[in-house]
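Examining the three-dimensional arrangement
Given next are the chains, with one letter for each unit.
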Amino acid sequence: MLLLGVPLPAVASETLPGPAISPPTAAAPPEDGQWTMPAKNYASTRYSELAEINEDNVKNLEVAFTFSTGVNKGQEAAPLVVGSTMYIVTPFPNFVYALDLAKPGAPMKWKYEPTPDLAAQGVACCDVVNRGAAFSDGRLFFNTLDGHTIALDANTGKPIWNAHLGNINIGETITMAPLVVKGKVLVGNSGGEMGVRGWVKALDAGDGHLIWTAFATGPDEDVLIGSDFKPYYDGDKGKDLGVTTWPPDAWKIGGGNMWGWISYDPDLDLIFHGTGNPGPWNPDLRPGDNKWTAGIFARDPDTGAAKWFYQWTPHDLHDYDGINEQILLDMNWRGKPRKVLVRPERNGYIYILDRTTGEVLSATPYGPVNSSRGVDLKTGRLIVNPDKQTGTGKVVRNICPTASGLKDWQPSAFSPKTGLLYIPHNNLCMDEEGVEVNYIAGTPYVGMNVRMVPGPGGNRGAFTAWDIAAERPAWSIKENFPVWSGAVVTAGNVVFYGTMEGWFKAVSAKTGALLWQFKTSSGIIGQPITYRGPDGHQYVAILSGVGGWAGAIASGDLDPRDATAALGFANAMKDLKTATTAGGTLYVFRLR
Ligand SMILES: O=C(O)c1cc(C(=O)O)c2c(n1)C(=O)C(=O)c1cc(C(=O)O)[nH]c1-2
């Protein structure tokens, strides 16, 4: 694999004997055939032990049923399956459907229409997406674009409570999928491109009342940094760094939004969540490390108290949000058993962190990276490439990865059978020019002109199997467009993912060989899942419907002649509109 100027690391762990890499059982309990949260389990493996569909017979998959969501915007949600019911959440206006899997054709059991404020569509940065719901204890929890968290009775679809958390008038939206931990619904806001201050909130699953709020910027008190906070690196130690690492008051409009993924380790009783990019993008307008943006927190789920923090990208120069998925694994590292957290990060590195302390054990590029030159494992600090330093009035060309990262929110999957992490990702580079910008509430606060282009080799995406122990790729598949869908891997050694042309693909978990593909009606940016149906057989489900940031040119019908459309992403996706059109359909497959 070509890694721009970055040599592949020495293979350290090949010589080490050691137990296989696997998620902790408490965070990834044995298979029950259901899919109750988008990441499958608290360890976020997106791995299913179901093995009826395998490498040999996957070629016999056929459509079991389809369902139109009635919304033609980017479909990013993971369908959920609880008992004999499937639940799906659509993009704005965030309809929720329950489908009866026990009946032929899976007819609708109920539909819930939350009627979110229309104006929310105008302040969402990257299409009007929703990444899914979470099921717990008879209830379905989901977020609406206009900033509400809603609990529904999963049997009837009747609302139980509705908490208004976000204010669209300042550009605040919610697109993430909530996670339910110990009777608390964890939710984060979006708005990093509008000067919205990021937070994560915990709501009581019973009645929706607010239990705690942890901000991503500001005084320690607001960030829930207290006596329990023990960051591993000196650069994260000190009082009120969420204020002092910013120009005066800039932290109040500094972003750090948590619009991605949360994992939970029941043994350590810690949740792990990232923080988004600092705002505005133009770094000259916010000298300093801009704590606690573009990093990761470990917190006590009951109180929100921060335990440790690590900053992937201090003083971010390129919109490298730090909100990707974190996979919790136990493995032998340099001869010692370690509880780790694996993060394929937007800045281009796969990090292996000790999840008890936040120590970085390894940080290896998984594709072309020239915006930085590695990570100093002594200080934990990203080594920025001065040639790619952006600023006001400066045009910097050929920065890799782009603002959308080597990988954006699209979640990877881990198989304990292969020890490989299956990573859907991008291969794009960009030109950037910092410009002045003033903060006006509820309007874009970016300060950067961006133009994206295909990365080295010309393929704009890749699907890479990463050998975690060996710190190198096992295999990689080139895709024409960014791979903006999630992945799922099974004990049948089959990995599923989708392409923006609309192909739903099954490849061998061991070799990456294409085993089966089906062309859906629109580009795929959703999260595939697999489950055991009421008939005892294994099914695979995916939402098709192009959109998100990468697909905004198609779902938003943008003009391909405008190189700046979709914050410069459209320039790299001019031909997407000739490859697919907007859609919104659920596809479910089973063996013939
Ligand atoms: O900083 C933020 O608040 C924020 C929010 C979102 C979002 O809510 O979808 C995205 C981003 N940033 C972002 O940087 C990004 O690349 C992105 C891609 C997508 C998508 O759905 O395709 N959303 C977002």
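Since the model is a prediction, treat every value here as computed from it, not as a measurement.

Observations concerning the sheet that holds strand E32 (residues 487-490)
Across the sheet, which stays open at both edges, the 5 strands sit in the order E1-E32-E33-E34-E35 with mixed pairing between neighbours. Each of the sheet's edge strands pairs with one partner strand only, and the pair in question is strand E1 (47-48) and strand E35 (514-519). Alignment of strand E34 (residues 503-508) against E35, held across 5 bridges, turns out to be antiparallel. From the neighbouring strand, Val 507 faces E35, where its bridge partner is Leu 514.

Comments concerning the state of the cysteines
Tallying each qualifying case throughout the model produces 2 disulfides. Put simply, Cys 400 and Cys 429 are joined by a disulfide, and their sulfur atoms are 2.2 Å apart. Its torsion about the S-S bond being 105°, the disulfide of Cys 400 and Cys 429 is classed as right-handed. Of the two residues, Cys 400 sits in the loop between strand E25 (395-399) and strand E26 (413-415) while Cys 429 sits in strand E28 (residues 428-434), which places them 29 residues apart along the sequence. Accessibility assignment for this pair places Cys 400 and Cys 429 in one class, buried. Take the cysteines of the protein chain that form disulfides and number them in order along the sequence; they join up as 1-2, 3-4.

Examining the UniProt feature "domain: Pyrrolo-quinoline quinone repeat" (unreviewed entry) in the protein chain
Taking the UniProt record as the reference, the feature "domain: Pyrrolo-quinoline quinone repeat" (unreviewed entry) is found at residues 35-371 and 480-540. Taken as a whole, residues 35-371 contains 4% helix and 34% strand, while its terminal C-alpha atoms sit 38 Å from one another. A distance of 24 Å separates the end C-alpha atoms of residues 480-540, which is 0% helix and 46% strand.

Focus on the site of the ligand
As a matter of local geometry, the ligand sits amid 21 residues, with Glu 76, Thr 175, Ser 190, Gly 191 and Asp 408 nearest to it. Residue Trp 259 places a side-chain N or O atom 3.3 Å away from a nitrogen atom belonging to the ligand. In this structure, Trp 484 approaches the ligand through a side-chain N or O atom, which is 2.8 Å from an oxygen atom. Compared with its free state, where it exposes 470 Å², the ligand has 99% of that area covered by protein. Residue classes in the shell around the ligand are distributed as 7 nonpolar, 7 polar and 7 charged.

What counts as what
Residues numbered from 1 in each chain as written. Predicted model: local features only at pLDDT ≥ 70, side-chain atom pairs only at ≥ 80, totals over all residues. Heavy atoms only, no water. Pairing = 2+ DSSP bridges. Helix = DSSP H or I, 4+ residues; strand = E, 2+ residues; numbered from the N terminus. Disulfide = S-S within 2.5 Å. Buried < 20%, exposed > 50% of the residue type's maximum accessible area, 1.4 Å probe, protein only. UniProt positions renumbered as here; feature names shortened; annotations may be inferred. Near = heavy atom within 4 Å. Polar contact = N/O pair within 3.5 Å; in protein donor to acceptor, adjacent residues only side chain to side chain. Areas by Shrake-Rupley, 256 points an atom, 1.4 Å probe, with all protein chains shown as cover. Nonpolar A, V, L, I, M, F, W, Y, C, P; charged D, E, K, R; others polar.

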